2 protein chains.
Amino acid sequence: MSTQSAIKPVLPAGIRDYLPGDMIPRQKMLDTIRKTFESFGFNPLDTPGLEREEVLTGGDPSFKMQIFRARLRDGEEDLALRFDLTVPLARVVATYQSDLDRPFKRYQVGKVWRGEKPQAGRFREFVQFDADIVGSARTMADAEIIALMYQTMVALGFSRFVIKVNNRKLLNGLAGYVGFSQEQIPTVLRLIDKLDRLGWDNIAGELADMVGLTVEQLASLKRFLDLREDSVDRLLSSLNDLMGNAEEASSGIRELSEIRDHLSALGVPSENWEIDLSVARGLGYYTGPVFETILTDLPSIGSVFSGGRFDGLVARFGAASMPATGASIGVDRLFSAMEKLSLLPKQATLTQVLVLNFSTECEKRCQELATQLRLGGINTEIYLGKEVTLAGQIAYAVRQSVPAVLIMGGNELASGTCQVKDMATRSQAEVSFDQVGIRVSEILSR
Amino acid sequence: MSTQSAIKPVLPAGIRDYLPGDMIPRQKMLDTIRKTFESFGFNPLDTPGLEREEVLTGGDPSFKMQIFRARLRDGEEDLALRFDLTVPLARVVATYQSDLDRPFKRYQVGKVWRGEKPQAGRFREFVQFDADIVGSARTMADAEIIALMYQTMVALGFSRFVIKVNNRKLLNGLAGYVGFSQEQIPTVLRLIDKLDRLGWDNIAGELADMVGLTVEQLASLKRFLDLREDSVDRLLSSLNDLMGNAEEASSGIRELSEIRDHLSALGVPSENWEIDLSVARGLGYYTGPVFETILTDLPSIGSVFSGGRFDGLVARFGAASMPATGASIGVDRLFSAMEKLSLLPKQATLTQVLVLNFSTECEKRCQELATQLRLGGINTEIYLGKEVTLAGQIAYAVRQSVPAVLIMGGNELASGTCQVKDMATRSQAEVSFDQVGIRVSEILSR
């Protein structure tokens, strides 16, 4: 039965592995994010990768995103792979309405899948790391999210970045200000979202074609998008002059001004955040403030940490409407950026000691020693490969950059000692069996 | 266009969420496993959830496991969700043959999916935590895996468990010893694997029907499966008498005897492991020693930590054959067991301090204080909910079991102080702004 022709060991397009040399710094990165999120009072949540398809699409027949549908051989429920962690959060809030205390502050890290065209820096499977506050309508909650974004970026080692803040209410207010219909808002926002990538001329062309904006309307839209002042205060004041008489826009301006005050109290420096009226965010569910994070030295990769307020999402599931705000790190994109900016010290192995293993008579002693070191919290590998010579095994330790090596031969066995080699200095010392842990710790602490 | 009837917020069958009350102890569990695996010199690897379907099935038309296939709307490659982390490891070893140094010791934690019939304790999406050594044919490597299993179980707080060890070579040797054909081995093993659940009488009936074993053959098989002695040494000796003259069985016996010696040197107590000749392990890829872990107080849930040697798996991908051994924790099953055995201290939140927030004039001060505490490494939540009274916010802290609460009102604001309340003793002290961190640390360290 076995028609065993070899299977090609290749990955699907747009999907990647993380070998240990990448995973070690990536795990440190994830640990740092987790610690920072916890410091803001967020607790962990986990939801499945597979959800019922209509949970993800909202049963929307015009749902645009390419998602992966998942099927068992015999069919059954219509399942799909989640494309973000925000929709599942809304589902969780609706599922456990009575069990979850509010405000519900949760973080979640996990893989998500999107059927995007594979290209540099865009993956079909990638990890998101999200923090959200559900059940608070206050701008203090939005400001907490922005402060979290700031502190996380700093903890990861970034100094040159800007968190761009806008408000969907201003963008919705554009309908009245520029003069187009409410129904056209999503189209206009989708085009504004492409401004950075395509430039104004292309956008303007499409706005004329698709929305029917006149030259005057385009000019007034551009006046809004180009609004720049040398301080947030002055910008808010100009904005108020421009569209403050419309109710929704005025509420959006007030929210931005409150956020400004909160960010100051939360210690977010003014050079690390700004109001950018062209920030729209692609996803349809945002209702208020929106945020994105641009790396000053790598602006072209786009936002690495984004979010906003999504007060309407929980209502999709028939639950009472529930205010919510949060943000999400694109872990793989941010990891690539950190690599490019040399913010991730390379490390080939977490192993701290290699116990060489070239003499059967010493084998038992090597195993006892390794056990003792491991129980003392030192990451210890017993050499298990094919090299039978001292030189061959040392070469393995060098390739792996293991900091310390233990050597035991017949002489050492007889005298109850062990050679401890510091691989950085290549110095070697003979120490008694019960002193090995101390000597190794000295080497590791340098 | 929006035909927005409410979407039911329910999960697919056999799939679960982890709310914070479960995720906090679960994350501690995962941290403990990771730390123990790293202490043995394993490094992290990550591979995608989505793989090409033939990578997972080996292109085997008789592939039995129910896997989830994943498709984009417009079709494309045939993809599927991984059902374990072992096949993807073999694919990685084949993909990066020349880049990976050997022995390659990696651990990996991640979700896997199987279309099994949903039932108590069986999930369709669950997490595995694996450690494997690729590139070592030595029994020392198998013993390292068993020692890792032992130390991990101890680190998780278990004392009453038994790691059962067997060798596929003995089971393969049964064909000659009992007298059936090589082709019937998989069927016999599949039935033996069900022995614990179905009992001998049912197994014997099926062995007679499906394999055609005679009464004498069944008796000789039962003699093998029932072989029990009061020590591993005596068992190995009896086994040698029974089938030591057959080449494959004899090699299996020698391996078990080497493993016994290694486990002694690696400090695995004899009460925590045994040779059990009825252990077969379901998966087809095992070739040598196999392991499983049974909880003495919950034997009915089956093995929580299992594995074995799988020397042939990498060759599926056309690479040179590569020895490999390892084991996998069924995280969700083990988590359920730990809950049942009260090995997981419940914890509703990781938040250590709640800063109450009921007076607009103090808001700014509360935010500054929270920022100061967070940067000092204390998990701090500013109250952002609807309760506007002291009592209402204190009640939230009580429900969440937050250990400390900070209270600031007009008096405190004027004098630059803050009330710090220890929620365990309900005692409260007024401290100056810059002493808050110290006072909170005192409360937390008790």
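Note that this is a predicted model, so its numbers are computed, not measured. (Residues numbered from 1 in each chain as written. Chains lettered and ligands numbered in written order. Predicted model: local features only at pLDDT ≥ 70, side-chain atom pairs only at ≥ 80, totals over all residues.)

K.L.:
Before we move on, can you summarise the overall build of chain A with the specific residues and values?
P.N.:
In terms of helices and strands, chain A carries 16 helices and 16 strands. Against the 2.2 N^0.38 benchmark of 22 Å for 446 residues, chain A shows a C-alpha radius of gyration of 28 Å, more extended than a compact globule. Across chain A, contacts joining residues at least 24 apart in sequence account for 67% of those joining residues at least 6 apart. (Helix = DSSP H or I, 4+ residues; strand = E, 2+ residues; numbered from the N terminus. Rg over C-alpha atoms; globule rule 2.2 N^0.38 Å. Contact = placed C-beta atoms within 7 Å.)

K.L.:
Summarise the domain arrangement of chain A; cite the residues concerned and give the values.
P.N.:
On domain assignment, one finds that chain A holds domain 1 (13–137 + 311–339), domain 2 (158–291) and domain 3 (353–445). Taking only C-alpha atoms, the centre of domain 2 of chain A and the centre of domain 3 of chain A are 62 Å apart. (Domains from an automatic or database assignment.)

K.L.:
Describe the packing of helix α6 (residues 185–193) of chain A against helix α8 (residues 200–211) of chain A, listing the residues and the values that go with them.
P.N.:
Residues and elements named next belong to chain A. It is the contact of α6 with α8, at a shortest axis distance of 10 Å, that shows an interaxial angle of 165°. When the axis of α6 is compared with that of α8, the two are roughly antiparallel. Seen along the crossing, α6 lies across α8 with a hand that is right-handed. Packed against α6, whose contacting residues are T187, V188 and L191, the element α8 presents I203, E206, L207, M210 and V211 at the interface. Tallied by class, the residues present in the contact of α6 with α8 amount to 6 nonpolar, 1 polar and 1 charged. (Axes fitted to C-alpha atoms, helices over the stretch in contact; angles between N-to-C directions. Parallel < 35°, antiparallel > 145°, perpendicular 65-115°, else oblique. Left-handed = near helix turned anticlockwise from the far one by under 90°. Nonpolar A, V, L, I, M, F, W, Y, C, P; charged D, E, K, R; others polar.)

K.L.:
Kindly report on the relation of the copies chain A and chain B, identifying the contributing residues and their values.
P.N.:
At an RMSD of 0.1 Å, chain A and chain B line up after a rotation of 180° and a shift of 0.0 Å along the axis. Both copies are brought into coincidence by an operation consistent with a two-fold rotation axis. When C-alpha distances to the rotation axis are compared across chain A, the minimum falls at A70 of chain A, with a value of 2.1 Å. In this assembly the copies share their binding face: 100% of the residues contributing to the interface of chain A also contribute to that of chain B. (Least-squares fit on C-alpha atoms with pLDDT ≥ 70 in both.)

K.L.:
Tell me what's going on with the environment of G302 of chain A, and back it up with residues and numbers.
P.N.:
Residue and element names in this part refer to chain A. Along the chain, G302 turns up in the loop between β9 (289–295) and β10 (305–309). Look at G302 and you get partly exposed, because 17 C-beta atoms sit within 10 Å. Each C-alpha atom of the pair G302 and R333 lies 9.2 Å from the other, and the pair is 31 residues apart in sequence. (Buried ≥ 20, exposed ≤ 12 C-beta atoms within 10 Å, placed from the backbone.)

K.L.:
Lay out the sheet that holds strand β16 (residues 427–432) of chain A with the relevant residues and their values.
P.N.:
Residue and element names in this part refer to chain A. With respect to topology, 5 strands assemble into an open sheet ordered β13-β12-β14-β15-β16, the strand pairing being mixed. Every other strand in the sheet has two partners, leaving β13 (380–382) and β16 as the edge strands with one partner each. Strand-to-strand twist of the sheet, defined as the mean angle between neighbouring strand axes without regard to direction, takes the value 25°. By the bridge criterion, 6 bridges tie strand β15 (residues 417–422) to β16 in an arrangement that is antiparallel. Residue pairing in the sheet places T417 in a bridge with S432 of β16. The strands touched by helix α16 (residues 436–445) are β12 (353–355), β14 (404–407), β15 and β16; relative to β15, the strand with the most contacts, the crossing angle is about 0°. (Pairing = 2+ DSSP bridges.)

K.L.:
Mind laying out the nonpolar core, listing which residues take part and the relevant values?
P.N.:
Burial of nonpolar side chains together is a common tendency in soluble globular proteins. Counting 202 residues, the largest nonpolar core has I146 and M149 of chain A together with I146 and M149 of chain B as the members making the most contacts within it. Beyond its immediate chain neighbours, meaning those up to four positions away, M149 of chain B contacts I163, F291, T293, F305 and A327 of chain B. (Core = buried A, V, L, I, M, F, W, Y, C linked by C-beta atoms within 7 Å.)

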